[in-house]
Amino acid sequence: MHDDHHEDVEITNYTSPAGGWGSMKGMAKVVPKESLGPDVLDTLRRQNKPEGFMCVSCAWGKPDKPHIAEFCENGAKATAWELTRERVTPAFFERHTVSELDGWADYDLEQAGRLTHPMKYDRATDKYVAVSWDEAFTGIGAAMKAADPKKVVLYSSGRASLETSFMWGLFARMWGQQNLPDSSNMCHETTSVGLKNATGSPVATIQLHDYDKCDAIFCFGQNVGTNSPRMLHTLKECRDRGVEIVTFNPLRERGWETFTDPQNPLQMAGLKKPTQISTQYHQVRAGGDISALLGICKLVIEADDRAQETGGERIVDWHFVEQHTVRFDEFATFCRNADWDDIVRESGLTRQAIEDAARVYMTAKKVICVYGMGITQHRYGMDSLYMLVNFLLLRGNIGREGAGPGPVRGHSNVQGQRTVGITEKTELVPVDRLKQLFEFDPPSEKGWDTVESCRHIIAGTCDGFVQLGGNFLRAAPEYGKMKEAWARLPFQVHIATKLNKSQLTPAAGDTWVLPCLGRSEEDWQETGRQAVSMEDSFSHIYGSVGKATPASRHLLSEPAIVAGIAMAVLPENVNVPWTKWVGNYSLIRNAIENCYPDKFANFDERMFQPGGFWKGNPASHRKWETESGRAEFNVPRALNSAGFADKEGRYRLVTLRSNDQFNTTVYGYDDRFRGIRGTRQVAMMNKDDIAALGLKDGDTIALESDADDGVDRVVEGLRVVEYNIPAGCIGGYYPELNILIPVEHHALESHVPAGKTVPVRIRTA
Ligand SMILES: Nc1nc2c(c(=O)[nH]1)N[C@H]1C(S)=C(S)[C@@H](COP(=O)(O)OP(=O)(O)OC[C@H]3O[C@@H](n4cnc5c(=O)[nH]c(N)nc54)[C@H](O)[C@@H]3O)O[C@H]1N2
Ligand SMILES: Nc1nc2c(c(=O)[nH]1)N[C@H]1C(S)=C(S)[C@@H](COP(=O)(O)OP(=O)(O)OC[C@H]3O[C@@H](n4cnc5c(=O)[nH]c(N)nc54)[C@H](O)[C@@H]3O)O[C@H]1N2
Ligand SMILES: [Mo]
């Protein structure tokens, strides 16, 4: 077992399109035949179809008329790895101490397979040993009751269903707290806060069918080929209609360049050319979107000024701006006064490039703006997001068909979790309804988000950590200090399908690992086979039924585990029949419907409707639930989103996902689209930066934190890879580089760790 696979390292220039035969081979390569469980093919056939099972990978929409194979390379990998034959049994733990396992790479932990039994850490032998579910719940109940609820963290990762998530939030509040950080806190929280402030909608205002109507797509900081490959079909259809696609990304990501549709026989046979996805590609400097957008907005406003002077056709949607927005004048003045030298320097783009993009924007009638972590994970991420909204508002591109912001969400139900109460913020929860339906007093004091949880863990003021899925220790910033502090936690509980690093630095007190069913597996309860549900990036809600044989007969479902913990901790409340809910998930859905009648009317009857049912979105019909009652223009506070000054020797580190990983889960060591094979320990650097340091491709360097806070954070042994990336920026992989991110380096208001512009310097010897 090693931390890295340097043996067959190969760095090439990948020139094939995304999709195509490469994706077929990619799929076969990371899932060796011997690991394939017997139900994989059957499960894949039913993936993302009505009455089928909803993919555990990304949150891209599911069309109401699905393709024959409505899955992608990476969705197939995620399913195959959930249904692996490999098992982590009590005998496995008998063979390996926890300290030994902690030395394994994330890849090796994932390869070990599915957890099979509830386990408790035994300090004397440094091993996990099997316990019964009763023992586990009794022990966890005692540990939690001994703790101050206000100091315990109840983390969740965005995969858990609406049913489980609702129970989780309800349990926390009945226990008197809402320390409910979730993966969204590290992801699209900037959207939840910023888009809400500016438009009243914390989520995309568009739906999947809007892509059939748009005539231009602007994309900022999202990697479609790897992270939402099914979206490539939508983009291809758009390109076939002649839609312009303008992409802003420091890296030339293959998915935004060309695509061969694996479901198109002519393209696959090479008889038809691959589709060119982006019609313009702008390699913005990391953190440079504010200025790139400012340049475009300046051109729009000045063109509009000229139109007014000459009586020509207006460029700004004047009607919309007057009727529906606030602070336009302030924003327009800011744009007029902006200096091109600043814009060019901060964006890293030429004026000509920005003019080219502006031309597309000014002629398009309906524009969709796609974005991902390249916008949200910066210190001034909120300002990037506001600029994106400003840009759309100028031409009335929100709240009508074929136009609007389209954040691409991460985990398959991360958006839905928020809908049903996973939040630390009281104002996002229907407190009165909870009170009335379940007869208890929900807490009003704000809970801890991810950053606050990290602060408390490090300070030793956190009394215990329970995680419903996910791998918090590995996904969070500041891995060094966090790991030390993680060992001092009074207790830990991990509800999980797989072994991961968070479980391998046990608490000072007790630690339990509770294995659960995956979404692709059959879930039989008292009233028969159960279904669960989730919400996608377009606010559509779907049912999902697992049909594969569970990895072990000792697994419990997530609702059963949450209920088990809740009953062990809380006094009885006749209004919350946990056991009955576990016996019949329709009852949980009824409770959700009663709590959120507008969004979930007839939930149980509608969840298998093809294409899912839409929970609605006021901003999509120009009802603005903002402070001012209108959509809001905002002047950015900075010209780039990094939040630290440029200085000699300081670089902006961009932490990225490879094509062979799902977040902290590493399926393989290849990043096919980026031409990197056999290693993840790389620093992708600009050719001129490499030369200026007297280095060459293949040399080894260390990266050090350059955060000016006196803390030493270092990652050694990184291979320099000459890469097409703007000067001053370095690309590398998450989670290996998370040790370099200070907890306090986060988006200001949303507290999303700023993983896309991390200040680092290079050590060469
Ligand atoms: N296969 C697979 N699918 C996944 C995941 C996975 O790990 N694997 N993760 C899921 C989750 S939880 C999430 S949140 C999503 C994440 O999906 P993405 O939002 O695509 O996130 P990243 O992979 O972090 O890549 C961000 C992109 O932004 C670019 N970028 C970085 N900095 C900047 C910048 O300053 N400006 C601009 N314009 N671009 C920038 C990077 O080059 C990269 O292409 O994917 C989901 N889907
Ligand atoms: N530097 C840097 N850091 C980042 C990011 C970045 O781009 N750069 N991205 C951030 C983002 S966007 C996110 S979303 C977070 C991700 O943070 P998390 O969501 O916490 O991490 P995952 O890697 O998705 O969690 C994987 C674990 O989930 C468990 N699991 C899988 N399926 C199930 C299931 O069905 N039920 C249960 N109970 N458990 C299951 C498995 O045990 C597996 O080990 O990381 C964040 N951290
Ligand atoms: Mo995410």
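Here, every reference points to the structure presented above.
Residues numbered from 1 in each chain as written. Chains lettered and ligands numbered in written order. Predicted model: local features only at pLDDT ≥ 70, side-chain atom pairs only at ≥ 80, totals over all residues. Heavy atoms only, no water.

A. Region of the structure containing the side chain of Arg239. Looking at the element boundaries, Arg239 is found in helix H11 (residues 231-240). Despite its burial, Arg239 remains without a salt bridge, the nearest opposite charge being carried by Glu244 at 6.0 Å. For Arg239, the side chain forms a polar contact with the main-chain oxygen of Ile277, separated by 3.4 Å. When near neighbours in sequence (up to four residues on either side) are disregarded, Arg239 contacts Ile245, Thr275, Gln276, Ile277 and Thr279. (Helix = DSSP H or I, 4+ residues; strand = E, 2+ residues; numbered from the N terminus. Buried < 20%, exposed > 50% of the residue type's maximum accessible area, 1.4 Å probe, protein only. Lys, Arg positive; Asp, Glu negative; His and termini not counted. Salt bridge = Lys/Arg side-chain N within 4 Å of Asp/Glu carboxyl O. Polar contact = N/O pair within 3.5 Å; in protein donor to acceptor, adjacent residues only side chain to side chain. Contact = heavy atoms within 4.5 Å.)

B. Quick look at the pattern of salt bridges. Applying the stated criterion to the full structure yields 55 salt bridges. In this structure, Asp304 and Arg314 form a salt bridge, with 2.9 Å as the shortest nitrogen-oxygen distance. Taken as a pair, Asp304 in helix H13 (residues 289-310) and Arg314 in the loop between H13 and helix H14 (318-324) lie far apart in primary sequence, 10 residues in all. The buried category is assigned to Asp304, whose relative accessible area is 2%. Here Arg314 falls in the partly exposed class, since its relative accessible area comes to 27%. A salt bridge links Lys366 to Glu401, with the nearest nitrogen and oxygen atoms 4.0 Å apart. Here the residue Lys366 occupies a position in the loop between helix H17 (351-363) and strand E14 (367-371), and Glu401 occupies one in the loop between helix H19 (381-394) and strand E15 (404-407), the gap between them amounting to 35 residues. Members of the salt-bridge network, linked through shared partners, are Lys647, Arg650, Glu704, Asp706, Asp708, Glu716, Arg761 and Arg763.

C. Local environment of the sheet that holds strand E16 (residues 464-468). Read across the sheet, six strands follow the order E6-E5-E18-E17-E16-E7 without closing on themselves; strand pairing throughout is mixed. Pairing within the sheet leaves two strands with one partner each, and these edge strands are strand E6 (127-130) and strand E7 (152-156). Along the sheet, successive strands turn relative to each other by an average axial angle of 20°, direction set aside. Two strands pair when backbone bridges link them, and strand E5 (residues 119-122) and strand E18 (residues 510-515) are joined in this way by two bridges, in the antiparallel orientation. (Pairing = 2+ DSSP bridges. Axes fitted to C-alpha atoms, helices over the stretch in contact; angles between N-to-C directions.)

D. Representation of the site of ligand 1 within the structure. Around ligand 1 sit 31 residues, and of these Asn249, Glu253, Gly287, Asp289 and Asn663 come closest. Between an oxygen atom of ligand 1 and a main-chain N or O atom of Asn663, the distance comes to 2.7 Å. When the free accessible area of ligand 1 is taken as 920 Å², the share hidden by the protein chains comes to 99%. Elements represented by at least two residues in the shell around ligand 1 include exactly helix H10 (224-227), helix H18 (373-376), strand E25 (651-656) and strand E26 (661-662). Partitioned by chemical class, the residues of the shell around ligand 1 number 12 nonpolar, 15 polar and four charged. (Near = heavy atom within 4 Å. Areas by Shrake-Rupley, 256 points an atom, 1.4 Å probe, with all protein chains shown as cover. Nonpolar A, V, L, I, M, F, W, Y, C, P; charged D, E, K, R; others polar.)

E. View of the packing of H13 against helix H15 (residues 328-337). Look at H13 against H15: their axes get within 9 Å of each other, and the N-to-C directions meet at 105°. On the basis of their axis angle, the class for H13 and H15 is roughly perpendicular. The residues of H15 that touch H13, namely those facing Leu294, Cys297, Lys298, Ile301, Glu302 and Asp305, are Phe328, Phe331, Ala332, Phe334, Cys335 and Arg336. Across the contact of H13 with H15, the residue classes break down as eight nonpolar, no polar and four charged. (Parallel < 35°, antiparallel > 145°, perpendicular 65-115°, else oblique.)

F. Quick look at the layout of surface pockets. The volume enclosed by the largest pocket comes to roughly 1100 Å³. If you go around the largest pocket, you meet 36 residues; those closest to its centre are Lys196, Gly200, Pro202, Leu428 and Lys599. When residues of the lining of the largest pocket are traced back to their parent elements, those giving at least two are helix H9 (189-199) and helix H20 (414-419). Two domains each put at least three residues into the lining of the largest pocket: domain 1 (111-186 + 413-600) and domain 2 (189-408). (1 Å grid on protein atoms, 1.4 Å probe; cavity = no way out; pocket = protein on both sides within 12 Å on 5 of 7 lines; lining within 4 Å. Points joined across faces, edges and corners; volume = space filled by probe spheres on them. Domains from an automatic or database assignment.)

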